[in-house]
Amino acid sequence: QVQLVESGGGLVQPGGSLRLSCAASGSIFSAYTMGWYRQAPGKQRELVAGITSDDSTNYADSVKGRFTISRENAKNTVFLQMNSLKPEDTAVHYCYANLGPRPYSTRRYWGQGTQVTVSS
């Protein structure tokens, strides 16, 4: 059984920072692409950032220059450093991981979601 456990969400003022973490555990095989989506009330889930096993990254235009994604492969953990937070960043943030025995034989797993609220 595979679990993705997130931590680090919370309430922060505009301009503040938060760091999200997501650790994968269980029968993982290998962790390939990992990353974060978010979903605000009344909106569709959107990709925030992703990172491959060789550290190639991609970001939503709305977070470029403010957010940084990284990973620690030995611990199957992905991080999202969020700086200069804005009220429009308020959303439930979900981590994901593509796990499997080979790069083209993976399944996507999801974390339970962590709330990020940016408000004064």
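Notes on the structure follow. (Residues numbered from 1 in each chain as written. Predicted model: local features only at pLDDT ≥ 70, side-chain atom pairs only at ≥ 80, totals over all residues. Heavy atoms only, no water.)

Now for the side chain of Thr114. Relative to the assigned elements, Thr114 resides in strand β11 (residues 114-118). Among all residues touching Thr114, those that are not within four sequence positions of it are Glu6, Gly9, Leu20, Ala91, Val92 and His93. (Helix = DSSP H or I, 4+ residues; strand = E, 2+ residues; numbered from the N terminus. Contact = heavy atoms within 4.5 Å.)

This next bit is on the sheet that holds strand β8 (residues 77-82). With antiparallel pairing, the four strands of this open sheet are ordered in space as β1-β3-β8-β7. Both outer strands of the open sheet, β1 (2-7) and β7 (67-72), are each paired with one neighbouring strand and no more. Taking each pair of neighbouring strands and ignoring which way they run, the sheet shows an average axis angle of 15 degrees. Two elements, β7 and β8, share six bridges in a ladder whose sense is antiparallel. Directly across from Arg71, in β8, lies its bridge partner Val78. (Pairing = 2+ DSSP bridges. Axes fitted to C-alpha atoms, helices over the stretch in contact; angles between N-to-C directions.)

Overall, the coordinates contain one disulfide when judged by the stated rule. For Cys22, the disulfide goes to Cys95, at an S-S distance of 1.9 Å. Remark: Cys95 occurs in strand β9 (residues 91-102) and Cys22 occurs in strand β3 (residues 18-26); sequence separation between them is 73 residues. By relative accessible area, which is 0% here, Cys22 ends up buried. (Disulfide = S-S within 2.5 Å. Buried < 20%, exposed > 50% of the residue type's maximum accessible area, 1.4 Å probe, protein only.)

This part takes up the pattern of salt bridges. In the structure shown here, the tally under the stated rule is five salt bridges. Residue Glu46 pairs with Arg38 through a salt bridge whose shortest N-O separation is 2.7 Å. With a relative accessible area of 35%, Glu46 lands in the partly exposed category. Accessibility expressed as a relative area gives 5% for Arg38, which makes it buried. (Salt bridge = Lys/Arg side-chain N within 4 Å of Asp/Glu carboxyl O.)

With that settled, the discussion passes to the pairing of β9. Within β9, nine of the 12 residues are buried, leaving the element largely enclosed by the surrounding structure. Bridge count for strand β4 (residues 30-39) against β9 is eight bridges, and the pairing is antiparallel. When the sheet's bridge partners are listed, Arg38 is paired in β9 with His93. Here β9 pairs with β11 via three bridges, running antiparallel. By the bridge assignment, His93 is partnered in β11 with Thr114.

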